[in-house]
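# Summary of the model geometry
Chain residues, written in single-letter form:
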Amino acid sequence: MKAKLEKLDRGLAAAATSEGVFLSWRLLGEEVTGYSDKGMTGADFHVYRDGKRIALVTDSTNYLDRGGSLDSIYEVRAVAGGVETDGCEPVTPWEGNYMELPLQKPADGMTPRGEAYSYSANDMSVGDVDGDGQYELFVKWDPSNSKDVSHSGYTGPVYIDCYRIDGTLLYRIDLGVNIRAGAHYTQFLVYDFDGDGRAELMFKTAPGTKTMRYDTAGSLLSEAYITILPEDAAAGYSHQDDYRMSSEDYAEHIVQLFMAWHEQEEVAAGRWPASLEACFGIEARFSYPLSREDAQELADYFLDVYAPSRSDRNRLRAFEGFVLKGPEYLTVFSGESGEELQTIRYKPGRYDDGLMWGDYAWNRIEPGNRVDRFLAGAAYLDGAKPYAIFARGYYTRAAVVAYAWDGVRLREVWTADSGWVPMDNPFGDTLRESDGRDEKHGSLARQGAHSLSIADVDGDGCQEIIYGAATIDHDGSILYSSRAVMPPESAAPGEIVKLGHGDALHVAKIDPDRPGLQIFMVHEGGIWGPYGYTLRDAATGEVLFGASAREDVGRGMIGQVDPDWRGLQVWSSEDIFSRNTFGLLSATGEQIDRKAPGTNMSIRWAADMTTQIISGSFEEPVTIQDWKRGCLLTAEGTRSNNGTKGNPCLVADILGDWREELLVRTSDSSSIRIYLSTEATDRKLYTLMHDLQYRVGVAWQNVVYNQPCYPSFYFASDIDWSKVPLPGKPAQGISTV
């Protein structure tokens, strides 16, 4: 059984350049029949200008028309066996190398504390919502007071818009006040999960989430809230609820927590101290259950003495804006209309304010932090159809759930849950256990990253979930959880420990001379972990090479930036405490240069299939940099997202040939610009969107710390065309999920 390829049109784009009009279009996966020394074979193409054929293109899917003008009308028709088989919608040239998608910016707002905020366009995704073969664009709007999950404060609500490529706003979904704004909270999936040719939209919702539909003139047609589950409605929950905590709410929350201390699951089981005094290391004074007066006294001690004694950053009296109570849902929306199709409870639920998740157990006490970190993705778990993946947690407990969508109902396929990581004291744990309690999935704990990846790592035709330093097999079992020996310079030489959490993760064919895929990841353990970065075998998790670090290595990237070296190169940010930079390394770990390119985002922009780097953060314009040739593009008037992360809204092959487009917001977020590479290439490759690993990568690119997506094959200047898979070919060894 083969996976069904996404139905796409020709994707023809035309851009005026100083040399003429540059044309770029798609070779579709189903049109490919084999390969040559210049690329894939199959369909060739006739190019028409103003109804007259001007060229036959056989070696690529682009063409420079030196006789064209802004008034020219272009069409491309496929040719198979010398016969034209189809045409495409005619297009006229853009005035430059980008087109603009006009946006409808949400109105400014005010927090309960009277703080003003405004909006900017943030992460994006794409999907064909109406089955016409053309992508619609999804834009997430973030308020200016968007917060990291470890930072206190109120945020404005998040919005997700769906636009046609001409700028028509179809609908806007207001996530409401009960979904906090920030990179860790809203991971949205746009994908055709039921195979009907129309994409759905899925993400975490709550009471207060509603869809607003618009007509072609931009006027509001209707508003509709999602369904509150019957048991929640019966319990009195409503769409008017506001679960955001004020500092006074949080102080009362602690009093209530302490009054019910004797009822805590871990206390009743004898795994946590029976008294809070024992937790805090002070003399026993109170009897349990605590009276309100005694609980208030202990709460004051905790907030004003104990927490500040652990860290001067523990200012819990100012804790506010978090959502730690109330129903949590997962909703499927129609991609075309924004209509709610089904709402279920989000799994797993938060359970508590982070106490069981370890949010109070370290010196830095961070309620609502580890408990509210979410990941999501789409995966062809059986090799034939896509499944939705939603997850919660990665610093301690990690839980991942796979769902099938049949157009009517979500069906849970499997859950991989590490279970709680044991602690002997939730307010000062000394056990430091690394595995969760679940016998089958316990090793998943503490291994996650600020993103995930989806790929067929073991070659069985079914995609796995690379969850940081661990990998979940397509059937929900743990394929492996990588560990290594601590080096002499570490805090515990000789011990075997997990590789642990990291901020950046890349899964690709990095070394073309090794079988299978490889994983490059950076790690934040410093002297408490075995490595600062690793290159691993994706099938087994074996570390192929790496290096230790004194502190958190926060960034890492891969790509062939130097075509003189075989394979993709890997590099990471410097270890800022030791000033040790790992530099630019080859696919086998050989140092190429002490310097390294940027680490924010990459793009396949060049004619020779090398990798370029996207730069620019805060108030700088977005640029595309080539390691050898310098700056290839300065997108004046545009801005990247997420501060130092400096990522564009999206990088994906959504138009034209196999090169990726750069989607980035203007400085005032009045529009999205879609930049097209106009460098002519003689390399012929089908659209990357017809490679399943790449396509699901576009779906998860918006997740937390945005990372590039990669095809399943070796993509570089020295590509071996004979090893590029033919899209849609049946995979071997497919299992049924």
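The chain goes by Rhamnogalacturonan lyase in an unreviewed UniProt entry, where it is assigned to Cohnella lubricantis.

Helix and strand counts for the chain come out as 6 helices and 48 strands. For 737 residues, the compact-globule formula gives about 27 Å, and the C-alpha radius of gyration of the chain, at 26 Å, lands near that figure. Expressed as lengths along the three principal axes of its C-alpha atoms, the size of the chain is roughly 90 × 65 × 50 Å. Counting all 737 residues of the chain, 62% fall into the buried class. A separation of at least 24 residues holds for 60% of the contacts in the chain among residues at least 6 apart in sequence. Seen as two clouds, the 70 positive and the 110 negative side-chain charges of the chain have centres 1 Å apart.

This next bit is on the pattern of salt bridges. Taken as a whole and judged by the stated rule, the model has 53 salt bridges. Notably, a salt bridge pairs E328 with R350, separated by 3.3 Å at the nearest N-O pair. Taken as a pair, E328 in the loop between α5 (292-310) and β21 (329-334) and R350 in the loop between β22 (340-345) and β23 (374-379) lie far apart in primary sequence, 22 residues in all. Judged by relative accessible area, which is 8%, R350 ranks as buried.

Turning to the sheet that holds strand β30 (residues 478-481), a few remarks are in order. Strand order across the open sheet formed by 4 strands is β27-β28-β29-β30, with antiparallel pairing between neighbours. Strand pairing shows two members of the sheet lacking a second neighbour, β27 (453-455) and β30, which therefore form its edges. Neighbour-to-neighbour, the strand axes of this sheet turn through a mean angle of 20°, independent of strand direction. Sheet analysis places strand β29 (residues 470-472) next to β30, joined by 3 bridges and oriented antiparallel. Paired with T471 across the strands is Y480, a residue of β30.

Both faces of strand β37 (residues 556-559) are covered, namely the face carrying G556 and I558 and the face carrying M557 and G559. Relative to strand β38 (residues 569-572), β37 is paired through 4 bridges, and the arrangement is antiparallel. Bridging from a neighbouring strand, G556 pairs with S572 of β38.

Turning our eyes to something else, we now look at the domain arrangement of the chain. Parsing the chain into structural domains produces domain 1 (13-99), domain 2 (101-231 + 328-346), domain 3 (247-319), domain 4 (348-474) and domain 5 (482-600). Between the C-alpha centres of domain 2 and domain 5 there is a distance of 36 Å.

Read across the sheet, 4 strands follow the order β23-β24-β25-β26 without closing on themselves; strand pairing throughout is antiparallel. Lying at the two open borders of the sheet, with one neighbouring strand each, are β23 and β26 (410-417). Between one strand axis and the next, the sheet turns by 20° as a mean value, whatever way the strands run. Where β23 and strand β24 (residues 387-392) come together, 6 bridges link them in antiparallel fashion. Among the inter-strand pairings, A378 is bridged to a residue of β24, identified as A388.

On to the UniProt feature "domain: Rhamnogalacturonan lyase family 11 C-terminal" (unreviewed entry) in the chain, then. Using the residue numbers shown here, the UniProt feature "domain: Rhamnogalacturonan lyase family 11 C-terminal" (unreviewed entry) corresponds to residues 98-213 and 317-722. The span residues 98-213 is 0% helical and 43% strand by assignment, and the distance between its end C-alpha atoms comes to 28 Å.

In this section: the UniProt feature "domain: Rhamnogalacturonan I lyase beta-sheet" (unreviewed entry) in the chain. Sequence positions flagged by UniProt for "domain: Rhamnogalacturonan I lyase beta-sheet" (unreviewed entry) are, in local numbering, residues 4-94. Secondary structure content for residues 4-94 is 0% helix and 51% strand, and the end C-alpha separation is 33 Å.

This brings us to the packing of helix α2 (residues 247-259) against α5. Running from N to C, α2 and α5 cross one another at 120°; their axes reach a closest spacing of 8 Å. In this view, α2 runs oblique relative to α5, as classed from their interaxial angle. For α2 against α5, the interelement crossing comes out right-handed. Residues Y250, A251, E252, I254, V255, Q256, F258 and M259 of α2 pack against R292, A295, Q296, L298, A299, F302 and L303 of α5. Per-class residue counts for the contact of α2 with α5 are 11 nonpolar, 2 polar and 2 charged.

Position of G153 among the secondary structure elements: in the loop between β14 (136-143) and β15 (159-163). Linking G153 and G525, residues 372 residues apart in sequence, is a C-alpha distance of 28 Å. G153 has contacts with K147, R180, E320, G321 and F322, leaving out every residue within four places of it along the chain.

For the bond running from Y288 to P289, omega is 0°, close enough to zero to count as cis. Its identity as a non-glycine residue notwithstanding, M609 has a phi of 75°, on the positive side. Of note, M609 is situated in the loop between β41 (601-603) and β42 (612-615). Owing to a relative accessible area of 0%, M609 belongs among the buried residues under this scheme.

Each value, and the rule that gives it
- Residues numbered from 1 in each chain as written.
- Predicted model: local features only at pLDDT ≥ 70, side-chain atom pairs only at ≥ 80, totals over all residues.
- Heavy atoms only, no water.
- Helix = DSSP H or I, 4+ residues; strand = E, 2+ residues; numbered from the N terminus.
- Rg over C-alpha atoms; globule rule 2.2 N^0.38 Å.
- Buried < 20%, exposed > 50% of the residue type's maximum accessible area, 1.4 Å probe, protein only.
- Contact = heavy atoms within 4.5 Å.
- Lys, Arg positive; Asp, Glu negative; His and termini not counted.
- Charge placed at Lys NZ, Arg CZ, Asp CG, Glu CD.
- Salt bridge = Lys/Arg side-chain N within 4 Å of Asp/Glu carboxyl O.
- Pairing = 2+ DSSP bridges.
- Axes fitted to C-alpha atoms, helices over the stretch in contact; angles between N-to-C directions.
- Domains from an automatic or database assignment.
- UniProt positions renumbered as here; feature names shortened; annotations may be inferred.
- Parallel < 35°, antiparallel > 145°, perpendicular 65-115°, else oblique.
- Left-handed = near helix turned anticlockwise from the far one by under 90°.
- Nonpolar A, V, L, I, M, F, W, Y, C, P; charged D, E, K, R; others polar.

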